[in-house]
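Each chain, written out:
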Amino acid sequence: MDIWQFSEQAYYPAFEVPGNMRVTLPQSECDPVEAGKLLNRYLDEYMLADELGLNIMINEHHAAATCMSTSCMTTLAILARQTKKARLLALGIPLANRSNPLRVAEEIAMADCLSGGRTEIGFVKGASYELFMSNRQPTGFMDRFWEAYDLIMAALTNEGENFSWEGEHFHYRTASLWPRPIQQPAPPIWMTASSAGSAATYGKMGTVCATFLSGSVARSVFSGYRQAYAAQFGHQAGRDRLGYLCLVSCAKDRSEAFRRAEQMKSYFTTAARLEPTFRNPLGFNPVEANVKMLMSGGGGGFRPLMRNGKPVPADGSIEEYMDAGLYFVGTPDDVYEQIARFHDEVGGFGHLLMMAQAGELDHAATADNLTLVAQEVAPRLKELQEVELDARYEGVG
Amino acid sequence: MDTVSLAGLEFGTLSAIDIRGTQVELFTAGSGAPLLFLHGLDGLEGAAEVIRQLSEQFTVYAPSHPGFGGSQQSEGMNRVDDLGYFYLDLMDELELQQPAMVGANFGGWLAAEILTKEPARASSLTLISPLGLKTADRREQYVADIFMVAKQELAKRMQVGEPGPLQNVMTLPEEQLRRAMRNDEAMSLYGWTPYMCNPKLAGRLHRITCPTQILWGAEDAIATPAYHEAWAAAMPQADTATIEGAGFRLHADQPAAIAARIASLAGA
């Protein structure tokens, strides 16, 4: 199992401001000098991850105190220059919110060259509320996503003549990447899924498929992927095709690990702080999905389940989040055992996308967390055995 | 698409017509001179009472626009400009040579799109809180952004009186909820950006030459006075009136007054 350090790079001083943490939060609440210090601090932690032999994952959001990385590729380009060994994953680029996909391809290619071919690229549907910032059309969202995807892949992999593109959504006289990416035919491509159905789409394509904070649902996501992959390619998908995103708090002392976990918990509590109006822009969800959601009482959205079958409360305890498989907390032995058990329960996966920094966790604690995971947990996770196929498919309906 | 019995519209006939492959639901009622009613963001149901009153003097033709209510979305259409051409086909199909034309908010925009293309296709035009002109100028907003207002608050702000029949989505039965969700989706398709307008419409409105009136509510909480004035400036050939005791959905707040003004302009 490979481990990827990930932080949303929050501007956590704004967590004290009442109300929405996104979309409507006034930018006057941001002290840019403080923001600069924090951004540099998070980059330092990414560089430490590189030194420790971990990989790196970057994301992006917009108009949000919870995430100051407003461009995956900008953050990733800095690390392409400043890190040495780490694989650099953008997870991901919200394609249907981008007005210029050829520019996206250019940025990928440039970062891949800068890094010596260490980039990995995730394309994501992205958060619905970011349509208010991108102002891209909510209807036809996924049509636009797939056209942008086709165009970017055509550009990244092109070894022939330059080409023109007249699509439904995008129009280019000539597509020509200077530079083009080192990794051929293209950097590894990642997608994200939260259901077996969407995972099957990616299984058929053979991209890497990650699922975020989905707990026990990861099992059906991975099964959906594996079945589609096997049907398409005639052999089983390797664990390197599958990733799981979670929070990790590791300390020499168990109570210290829990204390740190409390400091990271505002990642979950701030996630809930957005008015429903912004979560479901008109035209974004299909009509039938909205009808189904409203007929079943409306709102809520996905909540991962605990072992007793009940959803984790929005303000759940650390133990409840751990029970649901979203949080791994404790000594290096504890964390190893929790992750190994989860790995086996969901049928195995090859990438642990680890938030070793979240919420208000400070630099010293983050550095210690990263160091312990890299030195005492990662070597043991490397040795995790494949889950037996019979066991993997047992119980998959 | 199956049509359902629509709340408040039991006094006429709901049928399905095919316009070049797109199934459109059409409500017809009354007798007399033909009148084409183009519904607004509140759908056909939201205009039930004014349609009922108009049907006492006119033969009212009230379709649901493609994508709204029970009408199919037409492949490839994503501008009200497209709907303008679609409605010329629909009027040909229904043999509506020169009906009285009435449009409420979104439907007013649509009426303007139709008549800037073929100005002779209406005998008179009534625009009720029309959208379609530029809804903002840089940082100055003339029309509230309905996509950023919470549903319940929007339901209150749309009129002085009670919210329309499809506006409380938490209590609607499934069939009506589906219609409300289809209206929402169509609003987004046609009005997300540029927001509820065709920036080119202002330069085309001079083509409309039939007797025209523009009606606003005195207590409009959606469009500002500057927007009302912009319409008057863009259509100097039209009469403008402000109706007391009415908000943006003045066809719901003051249906009798609106119906009387439409009949008066149409000479019915």
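Just so it is clear, the structure is predicted and the values come from calculations on it, not from any experiment.

Undergrad: Would you mind showing me how to read the overall build of chain B here?
TA: Broken down by element type, chain B carries eight helices and ten strands. For chain B, whose C-alpha radius of gyration is 17 Å, the value lies close to the compact-globule estimate of 18 Å for 268 residues. Seen through its principal axes, chain B has C-alpha atoms that stretch 45 × 40 × 35 Å. For chain B, the proportion of its 268 residues judged to be buried stands at 53%.

Undergrad: Please explain the interface of chain B and chain A as it appears in this structure.
TA: Where the parts come together, the accessible area they lose is often given as the size of the interface. Contact with chain B, which involves 18 residues of that partner, is made by 16 residues of chain A. For the side of chain B that touches chain A, the leading source of residues is helix α5 (residues 174–191) of chain B, giving ten residues.

Undergrad: Teacher, can you tell me more about α5(B) here?
TA: Counting along an α-helix, one turn takes 3.6 residues, and residues three or four places apart therefore face a common direction. Taking 1.5 Å as the rise per residue, α5(B) with 18 residues should run 26 Å; its terminal C-alpha atoms sit 25 Å apart, in good agreement. Counting buried residues in α5(B) gives 15 out of 18 residues, a clear majority hidden from the surface.

Undergrad: Explain the nonpolar core to me, please; I cannot follow it from the model alone.
TA: In a soluble, globular protein the nonpolar side chains are often hidden away together inside. Of all hydrophobic cores here, the largest spans 121 residues; its most connected members are A:Tyr225, A:Met354 and A:Val373. Setting aside residues no more than four positions away along its own chain, A:Tyr225 makes contact with A:Ala199, A:Ala200, A:Tyr202, A:Gly203, A:Cys209, A:Ala237, A:Arg241 and A:Leu242. Counting residues in each nonpolar core, the second largest holds 82 residues, with B:Leu14, B:Ala62, B:Leu115 and B:Ala223 among its members.

Undergrad: Please explain the pairing of strand β11 (residues 351–355) of chain A as it appears in this structure.
TA: A regular strand places its side chains on the two faces of the sheet in alternate fashion. All names here are of chain A. Of all five residues that make up β11, five are buried, and the element is covered over most of its length. Residues His 351, Leu 353 and Met 355 line one face of β11 and the alternating positions Leu 352 and Met 354 line the opposite face, and both faces are buried. By the bridge criterion, four bridges tie strand β1 (residues 2–6) to β11 in an arrangement that is parallel. Residue pairing across strands places Ile 3 opposite Leu 352, the latter belonging to β11. Relative to β11, strand β9 (residues 242–250) runs parallel, the two sharing five bridges. Looking at the pairing, Cys 246 lines up with Met 354 of β11.

Definitions and cut-offs
Residues numbered from 1 in each chain as written. Chains lettered and ligands numbered in written order. Predicted model: local features only at pLDDT ≥ 70, side-chain atom pairs only at ≥ 80, totals over all residues. Helix = DSSP H or I, 4+ residues; strand = E, 2+ residues; numbered from the N terminus. Rg over C-alpha atoms; globule rule 2.2 N^0.38 Å. Buried ≥ 20, exposed ≤ 12 C-beta atoms within 10 Å, placed from the backbone. Contact = placed C-beta atoms within 7 Å. Expected span 1.5 Å × (residues − 1). Core = buried A, V, L, I, M, F, W, Y, C linked by C-beta atoms within 7 Å. Pairing = 2+ DSSP bridges.

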